[in-house]
Amino acid sequence: MSANSPAAVVVLAAGGGTRMKSNRLPKVLHEVCGRSLVGHAVAAAEELTPGQLVVVIGHMREKVAEHLAAHHPGARAVVQAEQNGTGHAVRTALETLAADGVELDGTVIVTTGDAPLLTGGTLRALAGAHAEQGNGVTVLTAVVPEPFGYGRILRDEADGAVAAIVEEKDASDAQRVIDEINSGVFAFDAKLLVGALAEVTTDNAQGEEYLTDTLEILRRAGHRVGAVVAADYRDILGINDRVQLAHARRLLNDRLLERAMRAGVTVVDPATTWFDVQVSYEPDAVVLPNTQLQGTTHLGEGSEVGPNSTLKDTRIGAGARVSNTTADSAEVGELATAGPYAYLRPGARLARKAKVGTYVEVKNSELGEGAKVPHLSYIGDATIGEGTNVGAASVTVNYDGVNKHRTVIGAHCRTGSDNMFIAPVTIGDGAYTAAGSVITNDVPAGGLGVSRAQQRNIAGWVERKRPGTTSAQAAAAAAEPAAEVPAEG
C-alpha cells in the first residue's frame, strides 16, 4: 500500500443476476475476455494497491468464494447473508473489518462486480479527485448518449457539486433530458461513510438500505458531494443479461486489439480476432483472421498465427508460424512451424525450427531442434531428438490401459511411414525404421528396425472370389493379350 492508495476497496458482488437466466453460475462469474466479471473488478481495484480489498458475496457464495481464492487470493470475501441493499452490503464489509481490528482511515472506494470495462486508471482518477477536492463523497459519473433507465446527476449551479441523484421513475421531464448518470461507483471518506451508513434506513419501496442515501445524509451534514466524469462512458457499463455480456466482450476485445496494434502487432481482421486480457506479445507479430488467443498466450517477435487458430496458455517463439492449429499449454519455439490442422496438447514443446505438420497431434512430448513430424501422426509421451524425421501415419503407442509409457527417438533418425512405436521403446541416434513396422524393441544407434511379415501374392484371387465385380472385369481385361495391329500395306 502506497501513501496515495485508498484505505480500502469494497466490490459489491452479492446479487443474483436473475436476468442472466443461469442456474449454474452467479452473474459475477460469467466471463469476458478470459476473466470473470468479478475478476475484472478485482483486477482494476488491485491497480490501486488498497490497504484492504473486500468482495461482498451472497448469491452462490461458495462458488464465488472458491473462484476468488483460486484466482485472486489477495481479495477477502465477506458474506452478505441476506441481500438487503447496497448500503447493507457496504456496512457488512466495514463491520467485518472492524471486528477483525481493522480501523480504516482515508478513502474507501466502492465499486461493483459486474462492470468489466471499468479500469484501474478510472478508479485512480476518482480517488485523486476525491482527495484533491476534499469531498465527503465523490461519485463516478458518465455522460452517455442514451441515459434512459439510469439515475440522473443533479448538480449545484454554484460550485458544480452533486445536489442529488434522481432515479428514472422519479425524474421530471426536464431532469430526464440530463445525460450525466450515476455509475454506482463512489469514493468516500472512511470515517464519514461509517457514520452515514448508521443513519441509512429501509424506508423505501424495496425495504432495503441504499448506499446512495448516504450522499444526502453527508450533504445535509455539510460535507461536499463531488463528481468525476469518466473519460469513456463505456467504462461504467454494467452487465445484467447475456446481450450486455456479449456487448461488453466486443468492447473490451476492441480495446485489447487496439492496444496490441499500437504496440506493433498486425491484426489483419479485428472483427474475427479475439484476445484475452492476459495475452502478451512482441513487435511485428502477425495475427491472421479467425484467431482466438486465450489465457496467458504469448506471441514472440515476428511470429505469425492463424488463420483459424485457437491458442490457450501457449508460447509462440520469435519467427514461428502456426496455421489452422489448436494449442493448449504448448510451446512453439523460435522459427518452428505447426499446422495446418495441427493439435498441440498440454506439454507439447517444439524446439527451434521443429515442425509439426498436417493432421498431427502432439501431447506431452518434446521435439528437438529441426525435428519434423510432417503428416498424419500421433506423438504422445515422447522425446524426439534434433534433426529427426518421423514418417507419415506414425503413432507412439503410449498407453497400456493402465499406465502411460514413453517413447524416445534419438537425434537424426529416419522413421518410416506407418510405424507403431510400442512404448516404452528407444530408437538410438541415427537409426532407421522400415515403413509399416511395429517397433516393440529398442533399435540401436545406427541400426535399422524392421518388423513386418513377408509379402506374398495369390494370383487370380479376385476373379475366383469376386466374380462379376468391376475389379474382376478390370483384372480380366488386363490379362487379355493386346490386339494385333495390322501392318501397313
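Let me sum up the structure you'll find in this document.

1. Structural notes on the pairing of strand β19 (residues 309-312)
Phase 1: Of the two faces of β19, only the one carrying S309 and L311 is buried; T310 and K312 on the other face are not.
Phase 2: In this structure, strand β16 (residues 291-294) lies alongside β19, joined through four bridges in parallel fashion. What sits directly across from L293, in β19, is L311.
Phase 3: By the bridge criterion, three bridges tie β19 to strand β22 (residues 325-328) in an arrangement that is parallel. In the sheet register, K312 faces β22, and the bridge partner there is D328.

2. Digging into the sheet that holds strand β17 (residues 298-299)
Phase 1: Reading across the sheet, the nine strands line up as β14-β17-β20-β23-β26-β28-β30-β33-β36 and stay open at both edges, with parallel pairing between neighbours. The open sheet has two edge strands, β14 (280-281) and β36 (425-427), and neither has a second partner.
Phase 2: Alignment of strand β33 (residues 407-409) against β36, held across three bridges, turns out to be parallel. If you follow T407 over to β36, its bridge partner there is V425.

3. Digging into the packing of helix α3 (residues 86-99) against helix α6 (residues 190-199)
Phase 1: Their axes nearest at 10 Å, the elements α3 and α6 cross at an angle of 125 degrees. By the criterion of interaxial angle, the relationship of α3 to α6 is oblique. As α3 runs across α6, the sense of the crossing is left-handed. Facing α3, whose interface residues are G87, V90, R91 and L94, α6 presents L193, V194 and L197.

4. Thoughts on the pattern of salt bridges
Phase 1: This model, assessed by the stated rule, comprises 24 salt bridges.
Phase 2: A salt bridge links D173 to R176; the nearest nitrogen and oxygen atoms lie 3.1 Å apart. Here D173 and its partner R176 are both found in helix α5 (residues 173-176), three residues apart, which amounts to about one turn of the helix.
Phase 3: On the basis of relative accessible area, D173 is assigned to the exposed category, the value being 61%.
Phase 4: Measuring nitrogen to oxygen at the nearest pair gives 4.0 Å for the salt bridge that ties E334 to R352. Residue E334 is located in the loop between β23 (331-332) and β24 (337-338), and its partner R352 is located in the loop between β26 (349-350) and β27 (355-363); the two are separated by 18 residues in the primary sequence.
Phase 5: Overlapping salt bridges bring together R152, E168, D173 and R176 as one network.

Calculation notes
- Residues numbered from 1 in each chain as written.
- Predicted model: local features only at pLDDT ≥ 70, side-chain atom pairs only at ≥ 80, totals over all residues.
- Heavy atoms only, no water.
- Buried < 20%, exposed > 50% of the residue type's maximum accessible area, 1.4 Å probe, protein only.
- Helix = DSSP H or I, 4+ residues; strand = E, 2+ residues; numbered from the N terminus.
- Pairing = 2+ DSSP bridges.
- Axes fitted to C-alpha atoms, helices over the stretch in contact; angles between N-to-C directions.
- Parallel < 35°, antiparallel > 145°, perpendicular 65-115°, else oblique.
- Left-handed = near helix turned anticlockwise from the far one by under 90°.
- Contact = heavy atoms within 4.5 Å.
- Salt bridge = Lys/Arg side-chain N within 4 Å of Asp/Glu carboxyl O.

From the geometry alone we can't say anything about function, so treat these as descriptive.
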